[in-house]
Amino acid sequence: MPSFLETTIEFIKGVGPQRAELLSKELGLKTFKDLIEFYPFRYDDRSRFYHINELSAEMPAVQIKGRIKTISLIGKSFKKRLVATFVDETGEIELVWFKGVQFVAKKVFPGVEYVVFGKPSSFGQKLNIAHPEIDPLTRVKTEIDHQLQPVYSSTEALRKRYLDSKGILKIQKTLIPEAVKRIQEFLPDSLRQSYSLVQKAEAIREVHFPTSKEALNKAIYRLKFEEFFFIQMKLLSIKKERTLKFAGEVFNNAALLTTFYNKHLPFELTGAQKRVIKEIYADMKSGVQMNRLLQGDVGSGKTIVSFICMLLPISSGAQALIMAPTEILANQHFQGLEPFAKAMGLRIALLTGSTKMSEKKLIKRMLKDGDIDL
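Rules and cut-offs
Residues numbered from 1 in each chain as written. Predicted model: local features only at pLDDT ≥ 70, side-chain atom pairs only at ≥ 80, totals over all residues. Heavy atoms only, no water. Helix = DSSP H or I, 4+ residues; strand = E, 2+ residues; numbered from the N terminus. Rg over C-alpha atoms; globule rule 2.2 N^0.38 Å. Contact = heavy atoms within 4.5 Å. Areas by Shrake-Rupley, 256 points an atom, 1.4 Å probe, with all protein chains shown as cover. Lys, Arg positive; Asp, Glu negative; His and termini not counted. Charge placed at Lys NZ, Arg CZ, Asp CG, Glu CD. Axes fitted to C-alpha atoms, helices over the stretch in contact; angles between N-to-C directions. Parallel < 35°, antiparallel > 145°, perpendicular 65-115°, else oblique. Left-handed = near helix turned anticlockwise from the far one by under 90°. Expected span 1.5 Å × (residues − 1). Buried < 20%, exposed > 50% of the residue type's maximum accessible area, 1.4 Å probe, protein only. Arc of directions from axis to C-beta. Core = buried A, V, L, I, M, F, W, Y, C linked by side-chain atoms within 4.5 Å.

Engineer: Before we go on, may I ask you to explain the overall build of the protein chain in this structure?
Structural biologist: The helix and strand inventory of the protein chain stands at 14 helices and 9 strands. By the compact-globule yardstick of 21 Å for 374 residues, the protein chain is too spread out, its C-alpha radius of gyration being 33 Å. Counting only C-alpha atoms and orienting by the principal axes, one finds that the protein chain spans roughly 95 × 55 × 40 Å. The contacts of the protein chain with a sequence gap of at least 6 include a subset with a gap of at least 24, amounting to 60%. Split by element, the accessible area of the protein chain, about 23400 Å² in all, is 55% carbon and sulfur. Across the protein chain, the mean location of the 57 positive side-chain charges is 4 Å away from that of the 41 negative side-chain charges.

Put into structure tokens, the structure is as follows:
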């Protein structure tokens, strides 16, 4: 028997097999877990009602309250549109629908009080709102219980089956209250307290049905923290497994490094460069595989540090390779390192995508025979 989170979404009230199949096909939502983690991509602020005389085309989506004065169908066939004059005590604005005209016409009536939500725009000298959300004021008072309304991604195929953002929100309202009773807390209390993290169940509830902007921000922070925390744990686990499973070469011959440092280094290394070289040397003589990111600004000396560290395996009879993402950079590295390599008596070569085929074959044969150090 599947666990609660593994249960398929067809068993949620109002979904069923056909809708479940469509949600799986369109959004990849198959289980309760998928739907719980299908977070809103934005939130509409429904905390304020604007007056019509306050509106302008530069404003984002707004919420207004009033009634429909007139409503009419304009145009013919595919050019048909539904236009309503919406009024409040301060003025009037046009509401326009180009799609689903017949469906909307059956829902809205003159004289009834509505709440309208949408983006104002200008057409000629008039303001209008195209394809607004419109609900009777009585329904809004009883059903819209949060000021921040979640908005979920949908598709045209889903919208045809009434699974637009509102339809998905309705499903979430059925699932989330039951889900939060069963959501496990994976982070220890000490960690949550150190980083001021809310509990997982609270974060899930707030991210779908925020009670305030502050609570929403805390929920998002908690969920992002957890995601990155477990990514980091996975990376550390892989690193530990690789350390135990795969032995690395031991490069503890520092003869070339010492010679270069004492005789050929043209400048004094910085404290940071010396520290990094010591850390890399410790890794390379440990017999454990090394994965390391050396980070620094342009001109901070990353290339010379790399060259010095490559002298360790070369001193032990191995070959070293420096790779670059572009030919321009590869040429720059080669031109910068060739004088140092020659001064040390090392054999260095440059191999790029534009190297002639005959030269490529020669370089590859020399590499195979051990005639190239770097």
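Structure's up, so let's keep going.
Engineer: Any chance you could explain the packing of helix 12 (residues 302-315) against helix 13 (residues 327-343) here in plain terms?
Structural biologist: When two helices pack together, their arrangement is given by the angle between the helix axes and by the axis-to-axis distance. Taken N-terminus to C-terminus, the directions of helix 12 and helix 13 make an angle of 45°; their axes are 11 Å apart at the nearest point. In this view, helix 12 runs oblique relative to helix 13, as classed from their interaxial angle. Of the two possible hands of crossing, helix 12 and helix 13 adopt the one that is right-handed. Facing helix 12, whose interface residues are Thr303, Ile304 and Phe307, helix 13 presents His333, Leu337, Phe340 and Ala341.

Engineer: Explain helix 1 (residues 16-27) to me, please; I cannot follow it from the model alone.
Structural biologist: In an α-helix there are 3.6 residues to a turn, and that puts residues three or four apart on one side. Taking 1.5 Å of rise per residue, 12 residues should cover 16 Å, and helix 1 covers 16 Å from first to last C-alpha, within 8% of that figure. Gly16, Arg19, Ala20, Leu22 and Leu23 are the residues of helix 1 that are buried. The buried residues of helix 1 occupy one face: seen down the axis, they fall within an arc of 165°. Helix 1 presents Pro17, Gln18, Glu21 and Lys25 as exposed residues on the side facing more than 90 degrees away from its buried surface.

Engineer: Would you mind showing me how to read the nonpolar core here?
Structural biologist: The nonpolar side chains of a soluble globular protein tend to be buried with one another. Formed by 33 residues in total, the largest nonpolar core has its most connected members in Ile9, Ile12, Val15, Leu23, Leu35, Ile171 and Ile204. Looking at this core, the elements that each hand over two or more residues are helix 1, helix 2 (32-36), helix 6 (165-179), helix 8 (200-208) and helix 9 (213-245). Considering every element that reaches this core, the biggest residue donor is helix 6, with 6 residues. The contacts of Ile12, once residues within four sequence positions are left out, are Phe32, Leu35, Ile171, Thr174 and Leu175. Among the nonpolar cores identified, the runner-up in size contains 29 residues, and Leu257, Ile280, Leu311 and Leu346 belong to it.

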